[in-house]
Amino acid sequence: MSTTRKHTALPKARILIEALPWLTRHNGKVVVIKFGGNAMVNDELKDAFAQDVVFLRQAGLKPVVVHGGGPQISAALDKHGIVSEFKAGLRVTTEDAMDVVRMVLAGQVQRELVGLLNQHGPLAVGLTGEDAHTITATKHLPEIDGELVDIGRVGEITAIDTGAIEALLADGRIPVVSSIARSQDDGHVYNVNADTAAAALAAALGAETLMVLTDVEGLYEDWPNSDEVISRLTASQLEKLLPELSSGMVPKMEGCLHAVRNGVNTARVIDGRVQHSILLEIFTDEGIGTMVVPDAEEEGDAA
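Residues numbered from 1 in each chain as written. Predicted model: local features only at pLDDT ≥ 70, side-chain atom pairs only at ≥ 80, totals over all residues. Heavy atoms only, no water.

S.K.: I'm lost on helix 4 (residues 95-117) in this one. Help?
M.R.: Along an α-helix, a turn takes 3.6 residues, which lines up residues three or four apart on a common side. Spanning 23 residues, helix 4 covers 32 Å between terminal C-alpha atoms, matching the ideal 33 Å at 1.5 Å per step. Maximum bend of helix 4: about 35 degrees, positioned at Q110. Within helix 4 the residues assigned to the buried category are A97, M98, V100, V101, V104, L105, V109, Q110, L113, V114, L116 and L117. (Helix = DSSP H or I, 4+ residues; strand = E, 2+ residues; numbered from the N terminus. Expected span 1.5 Å × (residues − 1). Bend = angle between axes of the 7 residues up to and from the residue. Buried < 20%, exposed > 50% of the residue type's maximum accessible area, 1.4 Å probe, protein only.)

This is how it looks when you write it as structure tokens:
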């Protein structure tokens, strides 16, 4: 009996010990996590995500979760008879569509996430960018074929106020932020890209790490010819690659670039289809996904 127990217990102890340097390094640090993709719609992945975030909190880190809700918004717009249209990779958001977006993000996706986290204790508090001026935006006019195009209530972030989030973190809570912004100039609200919002919040909070969950393994070396993932690159290397990336990866990688250029130590794109990918990325030597570091980092310095 005791031999069996020893065999099952030892690997667990080794795993915990491997995590020790990372636990020490990240203790007390803010980690901003963008929740999205398959992890958002698959129940097992959702549960694993909630466990990971609570684990980070109990391990002495300060997680902040930012989410969008593309699939849920599309489904709700369908139900309301509103056609989903995209231009320049962004959802065209009419006044009617904005009401639905706000309802889905703040009333459905955020509530579900807060509920999952709070199965583990009185931890999560939901807010949107409207609360306490957390995210302020003006109208975003994308350029398509050399022309600026009006795509409705889609916002470009102009300011971040971290006061409410910092107060929640100081109180030991897990803020869950919906990517809706207050308007700087016209009394409306704006739909903002959740990748962009997560990156802006990570920079404003002076986060240690920005983690963006995606539906791919990371940034591929030479897609579609190869499925080799680039495990680490500097801000300048990433900037050179941006023009070649697929439209879905652009806001994610631009977000990572913005974060590391504005004081965040590392930004990572990780595969949200892998259960507990957040823990694997933060607490193991191997890590998974693609990590972006500031240009000044010498090889081997970053975790």
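S.K.: I'm lost on the sheet that holds strand 18 (residues 290-293) in this one. Help?
M.R.: Pairing between sheet strands relies on hydrogen bonds along the backbone, with the strands arranged either parallel or antiparallel. With mixed pairing, the eight strands of this open sheet are ordered in space as 5-10-2-1-13-17-18-16. Here the strands that pair on one side only, and so sit at the sheet edges, are strand 5 (124-128) and strand 16 (232-234). Strand after strand, the sheet turns through a mean of 20 degrees between neighbouring axes, direction not considered. Here three bridges tie strand 16 to strand 18, and the two strands are oriented parallel to one another. What sits directly across from L233, in strand 18, is V292. Most of the contacts of helix 4 go to strand 5, to which it runs at about 165 degrees, and overall it touches strand 1 (30-35), strand 2 (62-67), strand 5 and strand 10 (174-178). Sitting on the sheet, helix 8 (residues 249-261) touches strand 1, strand 13 (209-214), strand 17 (266-271) and strand 18, and the angle it makes with strand 17 is about 155 degrees. (Pairing = 2+ DSSP bridges. Axes fitted to C-alpha atoms, helices over the stretch in contact; angles between N-to-C directions. Contact = heavy atoms within 4.5 Å.)

S.K.: Would you take a moment to explain the packing of aromatic side chains for this structure?
M.R.: The description of an aromatic ring pair uses the distance of the two centres, along with the angle that the planes make with each other. Scanning all chains against the criterion turns up two aromatic pairs. Where F55 meets F283, the ring centres are 5.9 Å apart and the plane angle is 65 degrees; that geometry is what we call edge-to-face. Separated by 228 residues along the polypeptide, F55 in helix 2 (residues 43-58) and F283 in helix 9 (residues 277-283) bring together distant segments of the chain. Using a relative accessible area of 39% as the deciding quantity, one classes F55 as partly exposed. Classification of F283 as buried rests on a relative accessible area of 6%. (Phe/Tyr/Trp six-rings, centres within 6.5 Å; stacked < 30°, edge-to-face > 60°.)

S.K.: What am I meant to see in the nonpolar core here?
M.R.: Nonpolar side chains tend to gather and get buried jointly when the protein is soluble and globular. The biggest cluster of nonpolar side chains holds 43 residues, and the ones touching the most others in it are I33, F49 and F283. Among the elements of the structure, helix 1 (2-26), strand 1, helix 2, helix 3 (70-79), helix 4, strand 10, strand 13 and helix 9 are those that each provide at least two residues to this core. Top element by residues in this core is helix 4. It accounts for 11 residues. Those residues in contact with F49, other than ones at most four positions away along the chain, are I33, F35, V65, L113, L213 and I278. Formed by 40 residues, the second largest nonpolar core is a distinct cluster that contains Y190, A235, A259 and V264. (Core = buried A, V, L, I, M, F, W, Y, C linked by side-chain atoms within 4.5 Å.)

S.K.: In this structure, what is going on with unusual backbone geometry? I would like to understand it.
M.R.: Residues other than glycine predominantly adopt negative phi, and peptide bonds predominantly adopt the trans conformation. The backbone phi angle of A132 is positive, close to 50 degrees, even though this residue is not glycine. With a phi close to 60 degrees, H276 is a non-glycine residue in the positive phi region. Inspection of the secondary structure assignment puts H276 in the loop between strand 17 and helix 9.

S.K.: Whenever I open this one, the environment of K46 confuses me. Can you help?
M.R.: Examined against the element boundaries, K46 turns out to sit in helix 2. Among the residues examined, K46 registers a relative accessible area of 7% and is labelled buried. With sequence-adjacent residues up to four places away left out, K46 is seen in contact with F35, A39, M40, V41, E112 and L116.

S.K.: What is the right way to read helix 3 from this model?
M.R.: Along helix 3, the positions that sit buried rather than exposed are Q72, I73, A76 and L77. Buried residues of helix 3, seen end-on, are gathered within an arc of 135 degrees and therefore sit on one face of the element. As for helix 3, its buried residues are in contact with strand 4 (90-91) and helix 4. Where helix 3 ends, the next residue or the one after it, G81, has phi of about 70 degrees, a positive value. (Arc of directions from axis to C-beta.)

S.K.: Can you help me understand the pattern of salt bridges in this one?
M.R.: A side chain with one charge can pair with a side chain of the opposite charge if their charged atoms come near. Under the counting rule described, the total for this entry stands at 15 salt bridges. Ionic pairing is found between R273 and D271, a salt bridge with its closest N-O pair at 2.9 Å. The buried category is assigned to D271, whose relative accessible area is 7%. Shared partners join several salt bridges into a network, and the residues in it are K34, D195 and K252. (Salt bridge = Lys/Arg side-chain N within 4 Å of Asp/Glu carboxyl O.)

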